[in-house]
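Listed below, chain by chain, are the residues.
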Amino acid sequence: MKRYVHFPRVEGEASRQAHADLPEGTYEREISKEGFFGPAAHLYHRHPPTAWTNFEGPLRPHAFDCTKLPGNQDSPWKAAELLHNASVRVRFWSMAGKMPQLARNADGDELLFVHAGTGDLFCDYGHLPFEAGDYILIPRGTMWRVECTQPLRALLIEATNNSYRLPDKGLVGPHAIFDAAMLDTPRIDDAFRGQQGETEWRVAIKRRGAISTVTYAFNPLDAIGWHGDLAVARINVRDLRPLMSHRYHLPPSAHTTFLTDRFVVCTFVPRPFESDPGAMKVPFFHNNDDYDEVLFYHAGDFFSRDNIHPGMITLHPGGFTHGPHPKALKNVLQQPKPATNEYAVMIDTRDALEISPAAAQVEWPGYVDSWMGA
Ligand SMILES: [Fe+2]
């Protein structure tokens, strides 16, 4: 347990409860350590902290349009890399038809998020159908391939040299958000047995970013059964039951779905807005100084963002002050809706991310201006 200098106090005109009962006409900004878990202060500003008139330099935020990336790579190892650091690699993969080879990631666990498409995954553990909204967790070392019935568009999130875990649900207990019993695992079924055979198959193994190809005179996905507590697992975003409070705007960490030692994956799914008159209804302004924040927009209306459509991805580097876009803020306050209607995947990384050339090619350079003050 880390120890911090700890002295909560109130100075000047301020609320004693974060994210609620703000002094009239003020904008709350959170300054915090360790994401939403370390020491923090809430400052009540006269002006929106993002109402800049000019923003220059490398701290600017980025928005990338994955729908503009070139399509159809028949292997996940050919997918466009967008963002990376030593502990995570984020790629966007488009493919149609059947993978001609098996894939195996020897660098880390792979989390595949299906943005669009349907099909079947065949892996060491059997057969698993997939559809849009599925998270498919593929443990490091698993051999797998997909056959698409509708073209696949997927986000690949590699936990480099690490493993995915489920978050500790703390006060709300292990069955909240989703029950681990809801995780589907592959089946040794007729479809799986039907793809086994004595024809030649290659396995493209990725280790330290380099590909090695191993050839067999048979299909190595030939298990007749398995037992254990390690397997490919799937959950759909529609099966997530988000935490919410009618009186308190919960931080993004309340929506954690998977985590590793150096990053977390959170999921935003439709939920009712806060109804208490004193509760904040939009994300609070903050810098999240210890984390880079990545958001992939899957479906719906992104209530706190302007000019963002499904298939886009944004990067807010640690230290960049952000919060709701001005138009979104006005809409929420002036035309209140009962619930959000957004599905988005957030990746918060403890270490700074590098932008890969493929992402830079589909960047929307005007993103930083979407907060600009009048
Ligand atoms: Fe944030």
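Residues numbered from 1 in each chain as written. Predicted model: local features only at pLDDT ≥ 70, side-chain atom pairs only at ≥ 80, totals over all residues. Heavy atoms only, no water.

Quick notes on the overall build of the protein chain
No. 1: The number of helices and strands found in the protein chain is three helices and 20 strands.
No. 2: Taking 374 residues into account, the globule formula puts the C-alpha radius of gyration at 21 Å, and the protein chain, at 22 Å, falls close to it.
No. 3: Projected onto its principal axes, the C-alpha positions of the protein chain cover 75 × 45 × 40 Å.
No. 4: Counting the 374 residues in the protein chain, one finds 51% classified as buried.
No. 5: A fraction of 73% describes how many contacts in the protein chain between residues 6 or more apart in sequence connect residues 24 or more apart. (Helix = DSSP H or I, 4+ residues; strand = E, 2+ residues; numbered from the N terminus. Rg over C-alpha atoms; globule rule 2.2 N^0.38 Å. Buried < 20%, exposed > 50% of the residue type's maximum accessible area, 1.4 Å probe, protein only. Contact = heavy atoms within 4.5 Å.)

Considerations on the pattern of salt bridges
No. 1: By the definition in use, this model includes 18 salt bridges.
No. 2: Each of D107, E158 and K206 takes part in salt bridges that share partners, so that together they form one network. (Salt bridge = Lys/Arg side-chain N within 4 Å of Asp/Glu carboxyl O.)

Overview of the coordination of the iron ion
No. 1: Within the protein, H286 (NE2), E293 (OE), E293 (OE) and H322 (NE2) serve as the donor atoms for the iron ion, at 2.1 to 2.3 Å.
No. 2: Around the iron ion sit four donor atoms, and with donor-metal-donor angles ranging over 59 to 151 degrees the site reads as irregular.
No. 3: Counting along the primary sequence, the residues that act as donors to the iron ion give the motif H-x6-E-x28-H.
No. 4: For H286, a relative accessible area of 5% puts it in the buried group.
No. 5: Here E293 falls in the buried class, since its relative accessible area comes to 10%. (Donors = N, O, S within 2.8 Å, 3.2 Å for Na, K, Ca; no water. Tetrahedral: all angles 85-135°; square planar, octahedral: opposite > 155°, others 65-115°.)

Quick look at the sheet that holds strand β15 (residues 263-268)
To summarise the sheet geometry, strands pair through backbone hydrogen bonds and adopt either a parallel or an antiparallel arrangement.
No. 1: The antiparallel open sheet is built from six strands, whose spatial order is β3-β18-β17-β19-β15-β14. Of all strands in the sheet, those with a lone pairing partner are β3 (62-65) and β14 (256-259), marking the two edges. Within the sheet, the average angular offset between the axes of one strand and its neighbour, ignoring direction, is 20 degrees.
No. 2: In terms of strand pairing, β15 meets strand β19 (residues 341-349) through six bridges, oriented antiparallel. From the neighbouring strand, F268 faces β19, where its bridge partner is A344. (Pairing = 2+ DSSP bridges. Axes fitted to C-alpha atoms, helices over the stretch in contact; angles between N-to-C directions.)

Here's the deal with the nonpolar core
For soluble globular proteins, the rule of thumb is that nonpolar side chains tend to be buried together.
No. 1: Judged by nonpolar contacts, the single largest core of 34 residues is most densely connected at Y135, I157, Y164 and I313.
No. 2: Of all hydrophobic cores here, the second largest spans 24 residues; its members include W93, V146, A204 and A231. (Core = buried A, V, L, I, M, F, W, Y, C linked by side-chain atoms within 4.5 Å.)

Examining the pairing of β15
If a strand is regular, its side chains alternate between the two faces of the sheet.
No. 1: Within β15, six of the six residues are buried, leaving the element largely enclosed by the surrounding structure.
No. 2: Where burial is concerned, the two faces of β15 agree: the one with F263, V265 and T267 and the one with V264, C266 and F268 are both buried.
No. 3: Of the pairings in the sheet, the one linking β14 to β15 comprises three bridges and is antiparallel in character. Within β15, the position partnered with L259 by the bridge is V264.
No. 4: What sits between β14 and β15 in their antiparallel hairpin is a turn of three residues.

Digging into helix α2 (residues 326-334)
No. 1: Along α2, the residues that are buried comprise A328, L329 and V332. Down the axis of α2, the buried set is contained in an arc of 100 degrees. They therefore lie on one face. Residues of α2 that are exposed and point more than 90 degrees away from the buried face comprise K327, K330 and Q334.
No. 2: Where α2 is buried, its residues touch β1 (27-32). (Arc of directions from axis to C-beta.)

Some details on the environment of T215
No. 1: Following the sequence through the fold, T215 ends up in strand β12 (residues 210-216).
No. 2: Note: C-alpha distance between T215 and T118 (97 residues apart in sequence) is 28 Å.
No. 3: Not counting the four nearest positions on each side in its chain, T215 is found in contact with E200, W201 and R202.
No. 4: A distance of 3.5 Å separates the side chain of T215 from the side chain of R202, its partner in a polar contact. (Polar contact = N/O pair within 3.5 Å; in protein donor to acceptor, adjacent residues only side chain to side chain.)

Points about the packing of aromatic side chains
No. 1: Under the definition given, this model contains 18 aromatic pairs.
No. 2: Residues Y27 and F285 carry aromatic rings whose centres are separated by 6.4 Å and whose planes lie at 75 degrees to one another, so their mutual orientation is edge-to-face. Of the two residues, Y27 sits in strand β1 while F285 sits in strand β16 (residues 285-286), which places them 258 residues apart along the sequence.
No. 3: The exposure class assigned to F285 is buried, which follows from its relative accessible area of 5%.
No. 4: Pairing F320 with W371 gives two aromatic rings, centres 5.4 Å apart and planes at 70 degrees, and the pair type is edge-to-face. In this pair, F320 sits in the loop between β18 (312-316) and α2 while W371 sits in the segment after α3 (357-361), placing the two residues 51 residues apart along the sequence. For the pair F320 and W371, one class covers both residues: buried. (Phe/Tyr/Trp six-rings, centres within 6.5 Å; stacked < 30°, edge-to-face > 60°.)

Quick word on the side chain of H298
No. 1: Examined against the element boundaries, H298 turns out to sit in strand β17 (residues 292-301).
No. 2: Accessibility expressed as a relative area gives 10% for H298, which makes it buried.
No. 3: Only 3.0 Å separates the side chain of H298 from the side chain of H115, close enough to count as a polar contact.

Just distances and angles here, no functional claims.
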